[in-house]
Amino acid sequence: QKRGKECRSTMVDSSRAEASLEKVTDYVEEKEIDSEKSKRAMSLIGPTIDRTEYESEQYRREKELAKVSIRQEDVEVVVEELGVSREVAIHTLRANNGDLARALSELVRS
């Protein structure tokens, strides 16, 4: 009888150990899945962060260019002579500090 109790006790302990091991394995697998989800999410966010930084820098540059004063006559000359849009003419003139000759030159080269 003593052997039977020991045998049952060993089987119960073995079952408990298996159950505990299963819980640990499940926990580790969940953490690995969470880790993969995190990596995937970060890979999707990464380009967004880069794009946001780029857009922020672009916005700052446009804001600086908006401070450059240009003559409306120069805008008209660029539009009429090169057939570009008014927005392109304004941007190019501002990027060249209002210098008509440099703006025309840049647009002709591009």
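Scoring rules and cut-offs
Residues numbered from 1 in each chain as written. Predicted model: local features only at pLDDT ≥ 70, side-chain atom pairs only at ≥ 80, totals over all residues. Heavy atoms only, no water. Core = buried A, V, L, I, M, F, W, Y, C linked by side-chain atoms within 4.5 Å. Buried < 20%, exposed > 50% of the residue type's maximum accessible area, 1.4 Å probe, protein only. Helix = DSSP H or I, 4+ residues; strand = E, 2+ residues; numbered from the N terminus. Contact = heavy atoms within 4.5 Å. Axes fitted to C-alpha atoms, helices over the stretch in contact; angles between N-to-C directions. Parallel < 35°, antiparallel > 145°, perpendicular 65-115°, else oblique. Left-handed = near helix turned anticlockwise from the far one by under 90°. Nonpolar A, V, L, I, M, F, W, Y, C, P; charged D, E, K, R; others polar.

Asks: Looking at this model, I keep getting lost on the nonpolar core. Mind explaining?
Replies: One recurring pattern in soluble globular proteins is that nonpolar side chains are buried together. Membership of the largest hydrophobic core is limited to 8 residues, which are Val68, Ile70, Val75, Val78, Ala89, Leu93, Ala103 and Leu107. Within the residue set of this core, elements represented by two or more residues are helix 2 (72–82), helix 3 (86–95) and helix 4 (100–109). Ignoring sequence-local partners within four residues, the contact set of Val78 consists of Gly83, Val84, Ala89, Leu93, Leu100, Leu104 and Leu107.

Asks: Where do I start with the side chain of Asp74 in this structure?
Replies: When you line up the elements, Asp74 lands in helix 2. Look at Asp74 and you get buried, because its relative accessible area is 9%. Ignoring sequence-local partners within four residues, the contact set of Asp74 consists of Leu93, Gly98 and Leu100.

Asks: Would you take a moment to explain the packing of helix 2 against helix 4 for this structure?
Replies: Think of two packed helices as two axes; the pair is described by the angle between the axes and how far apart they sit. For the pair helix 2 and helix 4, the least separation of the axes is 11 Å and the interaxial angle reads 25 degrees. For the element pair helix 2 / helix 4, the angle class is roughly parallel. For helix 2 against helix 4, the interelement crossing comes out right-handed. On helix 4, the residues that touch Asp74, Val77, Val78 and Leu82 of helix 2 are Leu100, Leu104, Leu107 and Val108. Taken together, the residues that form the contact of helix 2 with helix 4 break down as 7 nonpolar, no polar and 1 charged.

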